[in-house]
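One letter stands for each residue in the lines below.
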Amino acid sequence: GESVGLHLPTLSVQEGDNSIINCAYSNSASDYFIWYKQESGKGPQFIIDIRSNMDKRQGQRVTVLLNKTVKHLSLQIAATQPGDSAVYFCAENMKTSYDKVIFGPGTSLSVIP
Amino acid sequence: NAGVTQTPKFQVLKTGQSMTLQCAQDMNHNSMYWYRQDPGMGLRLIYYSASEGTTDKGEVPNGYNVSRLNKREFSLRLESAAPSQTSVYFCASEGDRGRDQPQHFGDGTRLSIL
């Protein structure tokens, strides 16, 4: 079901440290996963994706890990910078009778200079 | 590249007024989407258009209508605005629905219904 609430989970990290943002997805039939970054006043921006036949994928300073056993996704950001401050949310793509994308509510990342 | 462009960026309406939110993409994408984003909740799909000439209801379609004017443009209409429709509305596009690829979003329309 949906999350209901006004307050997002918040993660505060020191500049230069690594950040890990977690996401639990809902459906074992989901086979494609995406991480988005949303800065204040902006639309979601694609960061990295991963298909269900992989358990790890790396990009520039970001790594996504997928654990299908426990339906868990994580985003790791290396050497976190002030520009990384944003809301991050995962999306799962379910292959049902129609292609359905479910977005998580997000985690707010705050980088302390 | 402009990507996905939404207009207006902000709008205040009175209950019962109507308005149309505009969206255009320049990526030659087939699929387009309208979402609403409310505090603490994930994006919820209002309507989508898998290709030019087709539209389908999403998760929360009540109170809204859409038009896929051409391949580039997908508009969302509120016929009689209600306070519950106060939200941030995002338009997105995708190359082809059903293929594993991310959606590209506009920067949203912030709509307040008084």
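Shown above is the structure to which this text applies.
Source: prediction; values computed, not measured. (Residues numbered from 1 in each chain as written. Chains lettered and ligands numbered in written order. Predicted model: local features only at pLDDT ≥ 70, side-chain atom pairs only at ≥ 80, totals over all residues. Heavy atoms only, no water.)

Asker: Which residues make up the overall build of chain A, and what values go with them?
Answerer: When helices and strands are tallied, chain A shows zero helices and 10 strands. Each helix (α) and strand (β) of chain A, taken in turn from the N terminus, gives the series β-β-β-β-β-β-β-β-β-β. Against the 2.2 N^0.38 benchmark of 13 Å for 113 residues, chain A shows a C-alpha radius of gyration of 14 Å, consistent with a compact globule. Taken over the C-alpha atoms alone, chain A extends approximately 45 × 30 × 25 Å along its principal axes. Looking at chain A as a whole, 40% of its 113 residues qualify as buried. Long-range contacts, defined here as pairs at least 24 residues apart, represent 53% of the contacts in chain A between residues at least 6 apart. Entry remark: accessible area of chain A is about 6000 Å², with carbon and sulfur atoms responsible for 48%. (Helix = DSSP H or I, 4+ residues; strand = E, 2+ residues; numbered from the N terminus. Rg over C-alpha atoms; globule rule 2.2 N^0.38 Å. Buried < 20%, exposed > 50% of the residue type's maximum accessible area, 1.4 Å probe, protein only. Contact = heavy atoms within 4.5 Å. Areas by Shrake-Rupley, 256 points an atom, 1.4 Å probe, with all protein chains shown as cover.)

Asker: Which residues make up empty space enclosed by the protein, and what values go with them?
Answerer: In this structure the tally under the stated criterion is one cavity of 30 Å³ or more. The volume enclosed by the largest cavity comes to roughly 30 Å³. As for the largest cavity, its lining consists of Ile34, Tyr36, Asn93, Val101 and Phe103 of chain A together with Glu94, Gln101 and Gln103 of chain B. Elements represented by at least two residues in the lining of the largest cavity include exactly strand E3 (30-38) and strand E9 (99-103) of chain A. Taken together, the residues of the lining of the largest cavity break down into four nonpolar, three polar and one charged. (1 Å grid on protein atoms, 1.4 Å probe; cavity = no way out; pocket = protein on both sides within 12 Å on 5 of 7 lines; lining within 4 Å. Points joined across faces, edges and corners; volume = space filled by probe spheres on them. Nonpolar A, V, L, I, M, F, W, Y, C, P; charged D, E, K, R; others polar.)

Asker: Got a sec to walk through the pairing of strand E4 (residues 31-37) of chain B? Specific residues and values, please.
Answerer: All names here are of chain B. Judged by how many residues are buried, E4 sits mostly within the fold: seven of seven residues are covered. Alternating residues of E4 divide into Ser31, Tyr33, Tyr35 and Gln37 and Met32, Trp34 and Arg36, and every residue in both groups is buried. Strand direction decides the pairing type here: E4 and strand E5 (residues 44-49), joined by five bridges, are antiparallel. What sits directly across from Tyr33, in E5, is Tyr48. (Pairing = 2+ DSSP bridges.)

Asker: Which residues make up the sheet that holds strand E2 (residues 19-24) of chain A, and what are the values?
Answerer: All names here are of chain A. With respect to topology, four strands assemble into an open sheet ordered E2-E7-E6-E5, the strand pairing being antiparallel. Unpaired on one side and paired on the other, E2 and strand E5 (56-58) mark the two borders of the sheet. On average, each strand axis in the sheet is inclined to that of its neighbour by 15°, with strand direction left out of account. By the bridge criterion, three bridges tie E5 to strand E6 (residues 62-67) in an arrangement that is antiparallel. Across the sheet, residue Gln58 finds its bridge partner in E6, namely Thr63. (Axes fitted to C-alpha atoms, helices over the stretch in contact; angles between N-to-C directions.)

Asker: Can you tell me about the environment of Cys91 of chain B, naming the residues and giving the values?
Answerer: All names here are of chain B. Mapped onto the elements, Cys91 comes out in strand E9 (residues 87-94). Taking the relative accessible area as the measure of exposure, Cys91 reaches 0% and is therefore buried. Remark: the alpha-carbon pair of Cys91 and Leu45, spanning 46 residues in sequence, is separated by 9.8 Å.

Asker: Account for the sheet that holds strand E7 (residues 64-68) of chain B, with residues named and values stated.
Answerer: Two modes of strand pairing occur in sheets, parallel and antiparallel, and in both the strands are linked by backbone hydrogen bonds. Residue and element names in this part refer to chain B. What the four strands build is an open sheet, ordered E1-E3-E8-E7; its pairing is antiparallel. A strand with exactly one partner marks an edge of an open sheet, and here the two such strands are strand E1 (4-7) and E7. Mean inter-strand twist for the sheet, computed between neighbouring axes without regard to direction, equals 20°. Pairing of E7 with strand E8 (residues 74-78) involves five bridges; the strand directions are antiparallel. Residue pairing across strands places Asn65 opposite Arg77, the latter belonging to E8.

Asker: Please provide a residue-by-residue account of the interface of chain B and chain A, values included.
Answerer: The extent of an interface is frequently quoted as the accessible surface area lost upon association of the parts. Contacts between chain B and chain A engage 21 residues on the former and 27 residues on the latter. In total, chain B and chain A occlude about 1900 Å² of area from one another, counting both sides; carbon and sulfur atoms represent 50% of this. Contact with chain A buries surface across chain B, with Gly40, Asp100 and Pro102 of chain B losing the most and accounting together for 28% of the total. Here chain B is connected to chain A by two salt bridges. The partner of Arg51 of chain A in a salt bridge is Asp100 of chain B, with the nearest N and O atoms 3.5 Å apart. Run the count over chain B and chain A and you get six residue pairs in polar contact (both at pLDDT 80 or more). For the side of chain B that touches chain A, the secondary structure elements donating two or more residues are E4 and E5 of chain B. (Buried area = accessible area lost by both parts, 1.4 Å probe. Salt bridge = Lys/Arg side-chain N within 4 Å of Asp/Glu carboxyl O. Polar contact = N/O pair within 3.5 Å; in protein donor to acceptor, adjacent residues only side chain to side chain.)

Function cannot be inferred from these measures alone, as they are strictly geometric.
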